[in-house]
Amino acid sequence: MPEAGSADPRIAGERPRDATWIHRLALTVLAGTFLLILAGGNVTSKDAGLAVPDWPLSFGSVNPAGWTRQPYVRDEHGHRLIGAAVGLLVTALLVGVLIRDSRGPAKALAAALWLGIALQGLMGGLRVTEKSVHLAMVHGVFAQVVFCMVTAVATITSPRWRRIGAGVEPVWTASPSQDRALRLLPLLMTACLFVQLVLGVILRHRGSSWIPHAAWAMVVMLALLAGSYAIMSHPRARHELSYGAVALLLLGGVQLLLGLVTLMIVVHMTSPVPATTAQAVVPTLHLGVGAVLLAMSVHVAMVAWRLTSAPAGPAESRT
Amino acid sequence: MNRPHPAPYRDAAPREGVAADLAALAKLPLVAMVMLTVAVGYLLGHPGTGAAAGWARLAHTLAGSFLAACGAMILNQVFERSADARMRRTLGRPLPAGRIGVPEAVFIGTCSAACGLAWMSLAVGPLAATVAAATAAVYLLIYTPMKTRTSLCTVVGAVSGALPPLIGFAASAGALPARAWTLFAVLFAWQVPHFLAVAWLHREDYARAGQVMLPVVDPSGHASARQAVWYTLALLAASLMPTVIGMCGPAYFAAAVLLGWTLVLAALGLVVRPGDAAARRLFITGLIYLPLLLAVMVADRR
């Protein structure tokens, strides 16, 4: 994942202190968005999406009295409050990037993220006022898209990204096929994860058969293995991105187990409203780990792309 | 590499006594595996449980299968006695060691196979007997001679190893529906990595006997390891089919996923670090995998 820390002092033309706080703000947004996804997942797991019938206010108020005492209202209104906080943080991040980051792609990504989070909030509200299951599904999928966008901003503002692009690393000689695999397999992995996410959202909101989601999980696991293999067999990526390969495999294993536990728990549910704590918590946890996995995959795909297109450094050659 | 290879089945060491020799001649551990898969096929082909499952018919099916399988194993040892005499692992078998003569073995094997097929035909039905006869024919007439000619013998051997559950299905359902072929696919995909692991562990023996298993003609082991991975992945996919077609429930699906990935990882171990240790792990994992998978399949059948 993107890391906090000072920018590489060898990189000319950058302002290390600004780069550092922008990156830290991006990581804060990332944590907030993750919390928001968990809260949203919790609302869906408990089928509490319509517990507050109006929007943008809640029961005609910004913060209705006694909202913490009613469980479903607490879940839905809490989700809205976290969403509002994340919206403010994203606005601060956009301002920070526009003012202090000179790179066009970083500005474009931050602007896209701001638009994305605004659209996501709007969809969440319309889902309530229109009582639309379809909008709820799009809201569920787009939440993960926004999380990926935050990940992208956190990655592009990270010291690692700047260092790789500056060509201050030794030259790592890789074959064209290793470069091609490193460029394409993490992208394929991300695409597979995204398809899996869509299947999961359809399953959660439509109550359709669990088999496509569970069967595609096998394809996802294969894609994770292939992506990790591409990293570990590439000399430079093995040096720069081995943490990503390990994290992907670990998260994939945990997610597979969580998915199976979810299956065993949810399959016995006779109503969309969970009867036990496990029936509410485990699917939300499964959704949360899935989000982290997808975000990690986006981060890995971006860094892998960067590694295969960044300029060669001046130091000695390594294989 | 230089230390003695462990025998995958306990029929390598010389035994004393007629009963022990007959057991070794019939390869009883392999016959037990055949019986297990026949029983699983029978139970999955039958909608009922308990008395409704037709225990008497199951007993007839198992008895006929037992005799037919023993006969096929005995005749296989007759055909392969020269090769067995050249392999350390099989040197002590009754035929190469001379404790049982060839005419006696041919007589016992033929009688056993014929009795088994007749029993099946009369007490169970012609379809089950036909599948049993086909199993024995593929094993004896195609797989056994192919072992000295091409490394594809493993695939043909996998066909004969995957047919027994169809005997059970034919016995209980009187037909071979899609669910029967699903079980066939699982057994087929399981056989290949299993026998690749066995052949890897005994490749020097097989080479001495002139049997061209893939690990014998692939000294680096890369092709064998790759094939093991592909077949374990195919097995993972095939093992999910019983739930997809509604034969089993989600508990089976969960077990198949966990067991399947365990086997895939064992096969990947052979790719990452080719060697006897990885092959032994794959072999043992496969031996644990199949009975567990079949047990859950029967327990969670619909």
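From a predicted model like this one, the values you see are computed outputs, not experimental measurements.

Counting secondary structure elements, chain B contains 15 helices and 0 strands. Taken over C-alpha atoms, the radius of gyration comes to 19 Å for chain B, in line with the 19 Å a tight globule of 302 residues would show. Projected onto the principal axes, the alpha-carbon positions of chain B cover approximately 50 × 50 × 30 Å. Taking all 302 residues of chain B together, the buried fraction comes to 56%. Contacts in chain B between residues at least 24 apart in sequence constitute 74% of all its contacts with a sequence separation of at least 6. When the accessible surface of chain B is split by element, carbon and sulfur atoms take 70% of a total near 12,100 Å².

Turning to helix H1 (residues 18–25) of chain B, a few remarks are in order. Residue and element names in this part refer to chain B. Every buried residue belonging to H1 is among Ala20, Asp21, Ala24 and Leu25, and all of these are buried. Projected onto a plane normal to the axis of H1, the buried residues spread over an arc of 140° and lie on a single side. Exposed and facing more than 90 degrees away from the buried side of H1 are Val18 and Ala19. Each element contacted by the buried residues of H1 is listed here: helix H3 (55–79), helix H5 (94–97) and helix H6 (102–123). Backbone geometry just downstream of H1 places Lys27 in the positive-phi region, at approximately 50°.

What follows deals with the packing of H3 of chain B against H6 of chain B. Residue and element names in this part refer to chain B. Where H3 meets H6, the axes come as close as 7 Å, and the angle between the chain directions of the two elements is 155°. One way to sum up the angle between H3 and H6 is to call them roughly antiparallel. Considering only the axes of H3 and H6, their crossing is left-handed. Residue composition of the contact of H3 with H6, grouped by class: 17 nonpolar, 9 polar and 1 charged.

Our focus in this paragraph is the environment of Gln144 of chain A. Residues and elements named next belong to chain A. Of note, Gln144 is situated in helix H4 (residues 133–156). Under the relative-accessibility criterion, Gln144 is labelled buried at 5%. Distance in space between the C-alpha atoms of Gln144 and Ala111 is 17 Å, their sequence separation being 33 residues. Beyond its immediate sequence surroundings of up to four residues, Gln144 is in contact with Ile37, Leu197, Leu287, Ala291 and Leu294.

Turning next to the confidence of the model for chain B. Residues and elements named next belong to chain B. Residues at a pLDDT of 70 or more form 92% of chain B, whose mean pLDDT is 88. Note that pLDDT drops below 50 for residues 1–12; the model gives that stretch 26 contacts with residues more than four away or on any other chain. We note a pTM of 0.78 for the whole complex and an ipTM of 0.71 for its interfaces.

Let's shift gears to the packing of aromatic side chains. Under the definition given, this model contains 6 aromatic pairs over all chains. Pairing Tyr139 of chain B with Tyr143 of chain B gives two aromatic rings, centres 5.7 Å apart and planes at 20°, and the pair type is stacked. Pair noted here: Tyr139 of chain B and Tyr143 of chain B are both in helix H7 (residues 126–146), with a separation of 4 residues, about one helical turn. Note on accessibility: Tyr139 of chain B and Tyr143 of chain B belong to one class, buried. Seen in terms of ring centroids, Trp181 of chain B and Phe184 of chain B are 5.4 Å apart; in terms of plane orientation they differ by 70°. Their pairing is edge-to-face. Taken together, the positions of Trp181 of chain B and Phe184 of chain B, both in helix H10 (residues 178–201) and 3 residues apart, correspond to about one turn of that helix. Here Phe184 of chain B falls in the buried class, since its relative accessible area comes to 17%. Ring pairs connect the aromatic residues Trp181, Phe184, Phe188 and Tyr231 of chain B, which therefore count as one cluster. It is Arg183 of chain A that lies over the ring of Trp305 of chain A; its NZ or CZ is 4.5 Å from the centre.

Taken together, the contact between chain A and chain B spans 14 residues of the former and 13 residues of the latter. Taken together, the two surfaces of chain A and chain B that pack against each other cover about 1,200 Å², and 96% of this comes from carbon and sulfur. Viewed at the interface, chain B and chain A are joined by 0 salt bridges. Counting only elements with at least two residues in the side of chain A that touches chain B, the list comes to helix H7 (211–232) and helix H8 (235–266) of chain A. Broken down by element, the side of chain A that touches chain B gets its largest block of residues, 7 residues, from H7 of chain A. Of the residues contributing to the side of chain A that touches chain B, the split by class is 14 nonpolar, no polar and no charged.

On to the nonpolar core. In this structure, Leu93 of chain A together with Met297 of chain B are the most contacted members of the largest nonpolar core, which totals 170 residues. Each residue touching Leu93 of chain A, except ones within four places of it in the same chain, is listed here: Ile22, Leu25, Ala26, Val29, Leu113 and Val153 of chain A.

Now for the environment of Ile22 of chain A. Residues and elements named next belong to chain A. Topologically, Ile22 is positioned in helix H1 (residues 16–45). Residue Ile22 is classed as buried on the basis of its relative accessible area of 2%. Residues Ile22 and Val95, spaced 73 residues apart in sequence, show a C-alpha to C-alpha distance of 9.8 Å. Setting aside residues up to four positions removed in sequence, Ile22 forms contacts with Leu93, Gly96, Val97, Arg100, Asp101 and Thr157.

Side chains of Trp55, Leu119, Leu122 and Leu126 of chain A sit close together on the surface and give an oily, nonpolar patch of about 320 Å² of accessible area. Looking at the secondary structure, you find Leu126 of chain A in helix H3 (residues 104–129).

The rules behind each value
- Position numbers for residues start from 1 in each chain and track the written sequence from start to end.
- Chain A is the first chain written and ligand 1 is the first ligand written, with later ones labelled in order.
- Totals for whole chains, interfaces and linings use every residue, but because this is a predicted model, local features are given only for residues with pLDDT of at least 70 and side-chain atom pairs only at 80 or more, for both listing and counting.
- Hydrogens are left out, water is left out, and the side-chain values use all remaining heavy atoms of the structure.
- Under the DSSP-based scheme used, a helix requires at least four consecutive residues in state H or I and a strand at least two consecutive residues in state E, with every element numbered from the N terminus.
- As defined in this context, the radius of gyration uses C-alpha atoms, and a globule is described by 2.2 Å times the residue total to the power 0.38.
- Burial classes: relative accessible area under 20% of the type maximum marks a residue as buried, over 50% as exposed, and values in between as partly exposed (1.4 Å probe, protein chains only).
- Whether two residues are in contact is decided by their heavy atoms, any of which lying within 4.5 Å being enough.
- Residue exposure ignores everything except the shown protein chains as possible cover, and the areas themselves are Shrake-Rupley values with a 1.4 Å probe.
- It is the directions from the helix axis to the C-beta atoms that the arc portrays.
- To obtain each axis, a line is fitted to C-alpha atoms, and for helices this fit is confined to the stretch in contact; angles are then taken between N-to-C directions over 0 to 180 degrees.
- Roughly parallel here means an angle under 35 degrees, roughly antiparallel means over 145, roughly perpendicular means 65 to 115, and every remaining angle is called oblique.
- If you view the pair so one helix is near and one far, a crossing is left-handed when the near helix is turned anticlockwise from the far one by less than a right angle, and right-handed when it is turned clockwise.
- Residues are sorted three ways: Asp, Glu, Lys and Arg are charged, Ala, Val, Leu, Ile, Met, Phe, Trp, Tyr, Cys and Pro are nonpolar, and all the rest, Gly among them, are polar.
- What pLDDT reports is the predictor's confidence in each residue, on a scale of 0 through 100.
- The pairing test for Phe, Tyr and Trp rings, Trp by its six-membered ring, is centres within 6.5 Å, and the orientation test on the planes gives stacked under 30 degrees, edge-to-face over 60, and tilted for anything in between.
- The rule is short: NZ of Lys or CZ of Arg within 6 Å of the ring centre and within 35 degrees of the ring normal puts a charge over the ring.
- Computed with a 1.4 Å rolling probe, the buried area is the accessible surface lost when two parts are put together, summed over both parts.
- Put simply, a salt bridge is a Lys or Arg side-chain nitrogen that is within 4 Å of an Asp or Glu carboxyl oxygen.
- For the purposes of this section, nonpolar cores are sets of buried Ala, Val, Leu, Ile, Met, Phe, Trp, Tyr and Cys residues that join through side-chain atoms within 4.5 Å.
- Candidates for patches are residues over 30% relative accessible area with no salt bridge; among them, like charges are joined within 9 Å and nonpolar side chains (Val, Leu, Ile, Met, Phe, Trp, Tyr) within 5 Å.

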